[in-house]
Amino acid sequence: MLSVSSVVNPIQQAADRIRKTYHDVPAWGIVLGSGLGGLADEIEVAAEFAYADLPHFPTSTAAGHAGRLVFGELAGVPVVAMKGRFHLYEGWSAQQAVLPIRVMHALGARRLLLSNAAGGVNPEYRVGDVMAIDDHINFMFRNPLVGPNDDALGPRFPDMSAPYCPELIETAEAAARNAGFKLHRGVYAGMLGPTYETRAEYRMLRRLGADAAGMSTVPEAIAAVHLGMPVAGFSAITNECSPDVLGETTHEEVQAAADSAAGKLLTITRALLASVD
């Protein structure tokens, strides 16, 4: 059974390991999803750590996830970015999956930007589109806050009525308009995976109000809200999930499609970083 110390000590130990060699304070934490690791190339890197070298960090096993924590500047703003995240379908617990978010916060990051590759459940979405996550549905049926709560991290019962910061979404929408592309705004369904959804599941998701579906992000957003971090979340639409014309989906195709949205995400990211002192 988890104890408060089993939650807090790994955070402190991982943060202490980083502080031994890197002392600057990041303003933002960034999580780069499948096929989006190339965005890290835009960071002026000051230090990076392999997950394997950090205490208690799991190892990223998903294709397209490099498994490194990168520190530096993006658009002149100090950031810490995950090149690859931890998914529940890999066998990690929800608590293990959000450890890096809590470590980012312990190192000073006070805002979080999440990105993912997702299937477009909304019939208006096309491959290469980007959706700002306005809300989510947790179909993983896992929650990183289950277990003892440390009030130093956050409240026992955090409010989730607006898990994704409206002000950050509006800034992203303005950046997209200025750049001449459409930024959708919708609901992300977090699925456990690793299988892609069936036709019946896509129909169910759409009827329940989902606009996109993926296998990440939800635990990270919950942990960030618990910590009091404003969250901005974005989905790169990598396949169209119409149940009536559903084709076979491969992870390689998802990664390739994410590349087409990477430029849009970079535009949005730069605008968000520039908007907050």
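Conventions we followed
- For every chain, the first residue of its written sequence is number 1, and the numbers climb from 1 along that sequence.
- Given that this is a predicted model, residues contribute local features only at a pLDDT of at least 70 and side-chain atom pairs are listed and counted only at 80 or more, while totals for whole chains, interfaces and linings are drawn from all residues.
- The side-chain figures draw on all heavy atoms in the structure; neither hydrogens nor water molecules are used.
- Helix numbers and strand numbers start at the N terminus; a helix is a DSSP run of H or I with at least 4 residues, a strand a run of E with at least 2.
- Think of it in three bands: residues with accessible area under 20% of the maximum for their type are buried, residues over 50% are exposed, and the middle band is partly exposed, with areas taken using a 1.4 Å probe on protein chains only.
- Any pair of residues with heavy atoms lying within 4.5 Å of one another is described as a contacting pair.
- Here, Shrake-Rupley sampling with a 1.4 Å probe gives the accessible areas, and only protein chains in the shown set may cover a residue.
- We call a set of buried residues a nonpolar core when its members are Ala, Val, Leu, Ile, Met, Phe, Trp, Tyr or Cys and they connect through side-chain atoms within 4.5 Å of each other.
- Here a helix's expected span is defined as the number of its residues, less one, multiplied by 1.5 Å.
- Note that the arc is computed from the directions linking the helix axis to the C-beta atoms.
- Note on geometry: axes are lines fitted to C-alpha atoms, helical ones only across the stretch in contact, with angles between N-to-C directions running from 0 to 180 degrees.
- Oblique is the label for every angle not falling under 35 degrees (roughly parallel), over 145 degrees (roughly antiparallel), or within 65 to 115 degrees (roughly perpendicular).
- Working rule for handedness: look at the near helix, and if it is turned counterclockwise from the far one by less than a right angle, call the crossing left-handed; if clockwise, right-handed.
- For this classification, the nonpolar set comprises Ala, Val, Leu, Ile, Met, Phe, Trp, Tyr, Cys and Pro, the charged set comprises Asp, Glu, Lys and Arg, and every other residue, Gly included, is treated as polar.
- For the purpose of counting charges, residues Lys and Arg are taken to be positive, whereas Asp and Glu are taken to be negative. His and the chain ends are not included.
- By definition here, a salt bridge exists when the distance from a side-chain nitrogen of Lys or Arg to a carboxyl oxygen of Asp or Glu is within 4 Å.

(A) The overall build of the protein, seen in detail. The helix and strand tally for the protein stands at seven helices and nine strands. Classification of the 277 residues of the protein by burial places 57% in the buried group. Taking as baseline every contact in the protein between residues at least 6 positions apart, the subset at least 24 positions apart corresponds to 83%. Total accessible area computed for the protein in this model is approximately 11,700 Å², and 50% of it derives from carbon and sulfur atoms.

(B) Representation of the nonpolar core. Core analysis: the largest hydrophobic core is formed by 79 residues, its most contacted members being Leu69 and Phe234. The biggest single contributor to this core is helix H7 (residues 251-275), with seven residues. With nine residues, the next largest nonpolar core counts Phe139, Met191, Leu205 and Ala213 among its residues.

(C) The arrangement of helix H4 (residues 166-179) in detail. The first and last C-alpha atoms of H4 sit 20 Å apart over 14 residues, in line with the 20 Å expected at 1.5 Å per residue. Taken together, the buried positions of H4 are Leu168, Ile169, Ala172, Glu173, Ala175 and Ala176. Looking down the long axis of H4, one finds its buried residues gathered within 160° of arc, a one-sided arrangement. Pointing more than 90 degrees away from the buried face of H4 are the exposed residues Glu167, Arg177 and Asn178. Looking at the residues trailing H4, positive phi occurs at Gly180, about 85°.

(D) Inspection of the packing of helix H3 (residues 99-106) against helix H6 (residues 218-227) at higher detail. One way to put it is that H3 packs onto H6 with a least axis distance of 9 Å and a crossing angle of 30°. When the axes of H3 and H6 are compared, the pair comes out roughly parallel. Crossing of H3 against H6: the hand is right-handed. Across from Ile101, Arg102 and His105 in H3, the residues of H6 making contact are Glu220, Ala224, His226 and Leu227. Across the contact of H3 with H6, the residue classes tally to three nonpolar, two polar and two charged.

(E) View of the side chain of Arg102. With respect to the helices and strands, the residue Arg102 is situated in helix H3. Buried charge Arg102 goes without a salt bridge, the closest partner of opposite sign being Asp150 at 9.4 Å. Beyond its immediate chain neighbours, meaning those up to four positions away, Arg102 contacts Val7, Ile11, Gln95, Pro144, Leu145, Leu153, His226 and Leu227.

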